[in-house]
Amino acid sequence: MTEPRPLKLAIDEVITRRGVNVDTLKDLPQPDDDPYLRQEVLRQAGEYADKHIPARYADAVADDPAVIDWLRRILDRAVTESVMHVQCSVKTGPSLLILGPTGVGKTHQAFGVLRLLSQTGVRCAWKAVAAADLYAKLRPRHGVDSETEFRAVADAPLLLVDDLGAAKTSEWVEEVNYRLVNWRYERVLPTLFTSNVPPRELASSLGERVASRLIEMAQRVVLQGSDRRRVQVP
Ligand SMILES: Nc1ncnc2c1ncn2[C@@H]1O[C@H](COP(=O)(O)OP(=O)(O)OP(=O)(O)O)[C@@H](O)[C@H]1O
Ligand SMILES: [Mg+2]
């Protein structure tokens, strides 16, 4: 009969198999809970990530130090705010605004950090939405209550809003942006925004009210580099 393997090793293996850097993970605050519970939380979070992360970013690794530092701040709060380990989950926290030109890897970093979060043992039913898809979802349509749709996204414990400011601006788009940003701002709900808008054009592109709130609520990271999609593979 083979000996059962130590659980600690099994957890590290699960994480490594998911392509998440165990060393990065060890540097992050994590709940000090029962390893059996931890294993179950990791299993569920891994399944959640598989289901909700698009195939293009399924193996994305967040390696930008500022992005990882943001996750550390979110986890710090989640871990210290929990009364019982079982309830250790993301509640309030800072947001992150990832800026940079087309193709530098903003969405890659965003999904990469959600993958990392999913392997920390902190529970979080995060949501991800591309801004343009959100507008489509919220357009008034027969038989759909767009307010319910709005709340389902706006109330997520952690929300990725990908490509804010990419859609053609209209008063209606500005209003949706404002409502969403203000909703998250007032409740101090951690939100991960990505945008192509140059830092100096945030106000002219998104409106003063949105830009002002983003500047207060979110750490900013500006990714540099060229369009990775155009890099020729030898
Ligand atoms: N650090 C990385 N390592 C490997 N591949 C990467 C990395 N960052 C990005 N990529 C790849 O480069 C391509 C562009 O990345 P991504 O979609 O994240 O760019 P983006 O900045 O979000 O672009 P856009 O502004 O058009 O939304 C994708 O195929 C992505 O998988
Ligand atoms: Mg993108």
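What you see is a predicted model; the values in this text were computed from it and never measured.

Explanation requested: empty space enclosed by the protein in the structure shown.
Using a probe with the size of a water molecule, rolled over the atoms, empty space left in the structure can be pinpointed. One pass over the structure, following the stated rule, counts 2 cavities of 30 Å³ or more. One number sums up the size of the largest cavity: a volume of about 60 Å³. The wall of the largest cavity is formed by Y135, G165, A166, A167, T169, V173, E174, N177, S205 and L206. Of all the secondary structure elements, the ones that give two or more residues to the lining of the largest cavity are helix 8 (171-187) and helix 9 (202-206).

I keep staring at the layout of surface pockets and nothing clicks. Help me out?
As a volume, the largest pocket reaches approximately 500 Å³. Around the largest pocket, the lining comprises 21 residues; the ones closest to its centre are G103, V104, G105, K106 and H108. For the lining of the largest pocket, the element with the highest residue contribution is helix 5 (residues 106-117), accounting for 4 residues.

Hey, could you run me through the site of ligand 1 in this one?
The immediate surroundings of ligand 1 are formed by 14 residues, with Y57, K106, T107, H108 and N196 found nearest. Between an oxygen atom of ligand 1 and a side-chain N or O atom of T107, the distance comes to 2.8 Å. N196 is positioned with one of its side-chain polar atoms (N or O) 2.8 Å from an oxygen atom of ligand 1. Across the complex, the protein chains shield 79% of the 630 Å² of accessible surface that ligand 1 would expose by itself. According to the grid-proximity analysis, the pocket containing ligand 1 is the largest pocket. In terms of residue class, the shell around ligand 1 is made up of 3 nonpolar, 6 polar and 5 charged.

What is the right way to look at the packing of helix 7 (residues 146-154) against helix 8 in this model?
A pair of packed helices is characterised by two quantities: the angle between their axes and the separation of those axes. Running from N to C, helix 7 and helix 8 cross one another at 45°; their axes reach a closest spacing of 10 Å. For the element pair helix 7 / helix 8, the angle class is oblique. Of the two possible hands of crossing, helix 7 and helix 8 adopt the one that is right-handed. Only R179, L180, W183 and R184 of helix 8 make contact with helix 7, whose side of the interface consists of E147, F150, R151, V153 and A154.

Sorry if this is basic, but what is going on with the pairing of strand 4 (residues 191-195) here?
Side-chain direction in a regular strand flips from residue to residue, so the side chains alternate between the two faces of the sheet. In terms of residue burial, strand 4 counts as a mostly covered element, since 5 of its 5 residues are buried. Residues of strand 4 alternate between two faces, with T191, F193 and S195 on one and L192 and T194 on the opposite face, all of them buried. Relative to strand 4, strand 3 (residues 159-162) is paired through 3 bridges, and the arrangement is parallel. When the bridges of strand 4 are listed, L160 appears paired with L192. Between the parallel pair strand 3 and strand 4, the chain is carried across by helix 8, and the sense of this crossover is right-handed.

For this particular structure, what's the right way to read the environment of L134?
Examined against the element boundaries, L134 turns out to sit in helix 6 (residues 131-138). L134 sits 43 residues away from N177 along the chain, and the two C-alpha atoms are 9.8 Å apart. Not counting the four nearest positions on each side in its chain, L134 is found in contact with V129, V153, V176 and L180.

Can you walk me through the packing of aromatic side chains in this structure?
Geometrically, a pair of aromatic rings is defined through the distance of the ring centres and the angle of the planes. Tallied over the full model, the rule gives 4 aromatic pairs. A ring pair is formed by Y48 and W126, whose centres lie 5.3 Å apart and whose planes are at 85°; its orientation type is edge-to-face. Of this pair, Y48 sits in helix 3 (residues 35-52) while W126 is found in the loop between helix 5 and strand 2 (127-130), placing the two residues 78 residues apart along the sequence. Note on Y48: relative accessible area 23%, which makes it partly exposed. Measuring from ring centre to ring centre gives 5.7 Å for F150 and W183, while their planes differ by 90°; the resulting arrangement is edge-to-face. Note that F150 is positioned in helix 7 and W183 in helix 8, a separation of 33 residues in sequence. Residue class for F150 comes out buried when judged on its relative accessible area of 4%. Judged by relative accessible area, W183 falls into the buried class, the value being 14%. The ring of W183 has R187 lying over it, and the distance from NZ or CZ to the ring centre is 3.7 Å.

Help me understand the pattern of salt bridges, please; the structure alone is not making it clear to me.
Tallied over the entire structure, the rule returns 8 salt bridges. As a salt-bridge pair, R209 and E175 come within 3.9 Å of each other at their nearest N and O atoms. Placement of R209 in helix 10 (residues 208-217) and of E175 in helix 8 is noted, with a sequence separation of 34 residues between them. Across the pair D227 and R230 runs a salt bridge, and its minimum N-O distance is 3.3 Å.

The rules behind each value
- Residues numbered from 1 in each chain as written.
- Chains lettered and ligands numbered in written order.
- Predicted model: local features only at pLDDT ≥ 70, side-chain atom pairs only at ≥ 80, totals over all residues.
- Heavy atoms only, no water.
- 1 Å grid on protein atoms, 1.4 Å probe; cavity = no way out; pocket = protein on both sides within 12 Å on 5 of 7 lines; lining within 4 Å.
- Points joined across faces, edges and corners; volume = space filled by probe spheres on them.
- Helix = DSSP H or I, 4+ residues; strand = E, 2+ residues; numbered from the N terminus.
- Near = heavy atom within 4 Å.
- Polar contact = N/O pair within 3.5 Å; in protein donor to acceptor, adjacent residues only side chain to side chain.
- Areas by Shrake-Rupley, 256 points an atom, 1.4 Å probe, with all protein chains shown as cover.
- Sits in = over half its atoms within 2 Å of the grid points.
- Nonpolar A, V, L, I, M, F, W, Y, C, P; charged D, E, K, R; others polar.
- Axes fitted to C-alpha atoms, helices over the stretch in contact; angles between N-to-C directions.
- Parallel < 35°, antiparallel > 145°, perpendicular 65-115°, else oblique.
- Left-handed = near helix turned anticlockwise from the far one by under 90°.
- Contact = heavy atoms within 4.5 Å.
- Buried < 20%, exposed > 50% of the residue type's maximum accessible area, 1.4 Å probe, protein only.
- Pairing = 2+ DSSP bridges.
- Right-handed = clockwise from strand over helix to strand, strands pointing away.
- Phe/Tyr/Trp six-rings, centres within 6.5 Å; stacked < 30°, edge-to-face > 60°.
- Lys NZ or Arg CZ within 6 Å of the ring centre and 35° of its normal.
- Salt bridge = Lys/Arg side-chain N within 4 Å of Asp/Glu carboxyl O.

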